[in-house]
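The residues making up each chain are set out below.
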Amino acid sequence: DNDSSSAQNLIDTVPMEKLLVDSGILLGPSEPDPSRRRSSFSIEELERELWIFVNEWVEVNNAMSSFPPALLALLPPRDTYDWPDDFILEDLATTMAASSQLKGSRPFVRVTGDYPAHRRRRRLSYVISALTDHTPFGRGMPPILLEIHSTRDRLEAVL
């Protein structure tokens, strides 16, 4: 009986989130667990691989006309990565930018080299769910992404 009252006192005095973090059930906000990572890719490599995967998905599903502009706007500037020869997203971004100049069209503004890479990747790690949520493997992904604290880990989770 004395043990249960001391356990209750601990619960009453220590915030529940701290207890969950300390027990390993929940990761702290700035403490992603590197041991849970599936790869040793850098964040740059993950971003590149994700865009290549998206490119392949667009080709296989013939989804150029329905591609989310908010996602495509985050495509890194042309000289950021060495893209494969069959990389069509660059052409799609150019086409979307040109058609947005037409009267009555929705504006399309792509990130430039001046836009910080870490912010572009962070936005990508959330916006990618606009595409993945419409696929069998990505259904229900947005709430999961919101619970992952690190940009790198969110990018890896999507891959």
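Before going into details, it helps to say that this report is about the structure given with it. (Residues numbered from 1 in each chain as written. Predicted model: local features only at pLDDT ≥ 70, side-chain atom pairs only at ≥ 80, totals over all residues. Heavy atoms only, no water.)

## Focus: the overall build of the protein
To keep things clear, this is the line we draw: In this description a helix means any DSSP run of H or I spanning at least four residues, a strand means any run of E spanning at least two, and both kinds are numbered starting from the N terminus. When a residue's accessible area, from a 1.4 Å probe over protein chains only, is under 20% of the maximum for its type it is buried; when over 50% it is exposed; and in between it is partly exposed. We call two residues in contact whenever any of their non-hydrogen atoms come within 4.5 Å of each other. Using a 1.4 Å probe, accessible areas were evaluated by the Shrake-Rupley method; residue-level cover was limited to the displayed protein chains.
Within the protein, the secondary structure is distributed over nine helices and zero strands. When the elements of the protein are put in sequence order from the N terminus, they spell out α-α-α-α-α-α-α-α-α. Expressed as a percentage of the 159 residues in the protein, the buried residues total 34%. Looking at the protein alone, contacts between residues at least 24 apart form 64% of all its contacts between residues at least 6 apart. With an accessible surface of roughly 10,100 Å², the protein has 54% of that area assigned to carbon and sulfur atoms.

## A short note on helix H6 (residues 117-127)
Spelled out, the test is: Our arc is simply the arc of the directions from the helix axis toward the C-beta atoms.
The set of residues buried in H6 consists of Arg-120, Arg-121, Leu-124 and Ser-125. Angular distribution of buried residues about the axis of H6 spans 135°; they occupy a single face of the element.

## A word on the environment of Glu-90
Following the sequence through the fold, Glu-90 ends up in helix H5 (residues 89-99). Glu-90 gets classed as buried once you look at its relative accessible area, which sits at 7%. The spacing of Glu-90 and Leu-75 is 15 residues in sequence and 7.9 Å in space, taken between C-alpha atoms. Those residues in contact with Glu-90, other than ones at most four positions away along the chain, are Leu-75, Pro-76, Arg-78, Trp-83 and Arg-110.

## Here we look at the nonpolar core
Convention followed: For the purposes of this section, nonpolar cores are sets of buried Ala, Val, Leu, Ile, Met, Phe, Trp, Tyr and Cys residues that join through side-chain atoms within 4.5 Å.
Core analysis: the largest hydrophobic core is formed by 29 residues, its most contacted members being Trp-51, Val-54, Phe-67, Leu-72, Leu-89 and Ile-128. When residues of this core are traced back to their parent elements, those giving at least two are helix H3 (43-61), helix H4 (69-72), H5 and helix H9 (151-158). A total of six residues in this core trace back to one element, the largest contributor, which is H3. Beyond its immediate chain neighbours, meaning those up to four positions away, Trp-51 contacts Phe-67, Leu-71, Leu-72, Leu-74, Leu-75, Pro-76, Trp-83, Phe-87, Leu-89 and Leu-124.

No statement about biological role is implied by the geometric values presented.
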